[in-house]
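For reference, the chains in residue letters:
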Amino acid sequence: MSGVPDGTAGVPSAPRGGAYEVRVAEHATDREACFAVRKDVFVGEQGVPEDIEYDAYDPGALHVLAVREDGVPLGTGRLLEGEAAAAKVGGDPAVGSLGRLAVTREARGFGVGAALVRAIEAAARARGLAAVDLHAQTHALGFYERLGYVAYGPEFADAGMPHRAMRKAL
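Here the structure is a predicted model, which means the values were calculated and not measured.

All right, on to the environment of Asp-58 then. By secondary structure assignment, the location of Asp-58 is in the loop between helix H2 (50-53) and strand S3 (62-68). A residue is classified by how much of its surface remains accessible, and Asp-58, at 5% relative accessible area, is buried. Between the alpha carbons of Asp-58 and Leu-79 there is a distance of 9.5 Å; along the sequence they are 21 residues apart. Leave out the neighbours within four places in its chain, and Asp-58 touches Arg-31, Phe-35, Arg-38, Glu-53, His-63 and Arg-78.

Here it is, written out as structure tokens:
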């Protein structure tokens, strides 16, 4: 599955260049790549303890992966739905939970994050969900607002970092 209509999106002047695709991580190697990106970004860069980065939701989640033509992983994100999402979205079964969105340092600023969000939204629509909720680090609020998400509720700490809940109707 791709987050863009033609299956690829150009990455203008991306380091070591090339186009990339966003796809559902259906195979073990893709899931491993997703977890490696998360480890680099959340554990390595942001100092999130590894024991809380990976959770019981991972096995049942839909994971998406952005990968460059040459196979280098660029970013990832996941969608939770049903009971897995209920606790995060106020119990509404029609709302999915977007989370663990991470883009490698070298791929930031080239549209990879937005392509991942679009792919997760497309997957949520395909599953009949009416909205997507997320918990955004406060420094990323503008990114999500540009994609149509609206913040609600008070700021809260997650993994020691300030976050806000956000939602977008699909």
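A pair can form between side chains of opposite charge whenever their charged atoms are brought close. All chains considered together, the criterion is met by 16 salt bridges. The salt bridge partner of Asp-70 is Arg-68, with a shortest N-O separation of 2.8 Å. Under the relative-accessibility criterion, Arg-68 is labelled buried at 4%. Of the charged contacts in the structure, one is a salt bridge between Arg-127 and Glu-81, with a shortest N-O distance of 3.1 Å. Pair noted here: Arg-127 is in the loop between helix H4 (112-126) and strand S6 (131-137) and Glu-81 is in the loop between strand S4 (73-80) and helix H3 (83-86), with a separation of 46 residues, a long-range link. Classification of Arg-127 as partly exposed rests on a relative accessible area of 38%. The exposure class of Glu-81 is partly exposed, given its relative accessible area of 34%.

Considering the arrangement of structural elements, one finds His-63 in strand S3. Considered as a pair, His-63 and Ile-120 are 57 residues apart in the sequence and their alpha carbons are 8.4 Å apart. Leave out the neighbours within four places in its chain, and His-63 touches Arg-23, Val-24, Ala-25, Arg-31, Cys-34, Phe-35, Arg-38, Asp-58, Gly-77 and Arg-78. A polar contact is formed between the side chain of His-63 and the backbone oxygen of Asp-58, at a distance of 2.9 Å.

What counts as what
Residues numbered from 1 in each chain as written. Predicted model: local features only at pLDDT ≥ 70, side-chain atom pairs only at ≥ 80, totals over all residues. Heavy atoms only, no water. Helix = DSSP H or I, 4+ residues; strand = E, 2+ residues; numbered from the N terminus. Buried < 20%, exposed > 50% of the residue type's maximum accessible area, 1.4 Å probe, protein only. Contact = heavy atoms within 4.5 Å. Salt bridge = Lys/Arg side-chain N within 4 Å of Asp/Glu carboxyl O. Polar contact = N/O pair within 3.5 Å; in protein donor to acceptor, adjacent residues only side chain to side chain.

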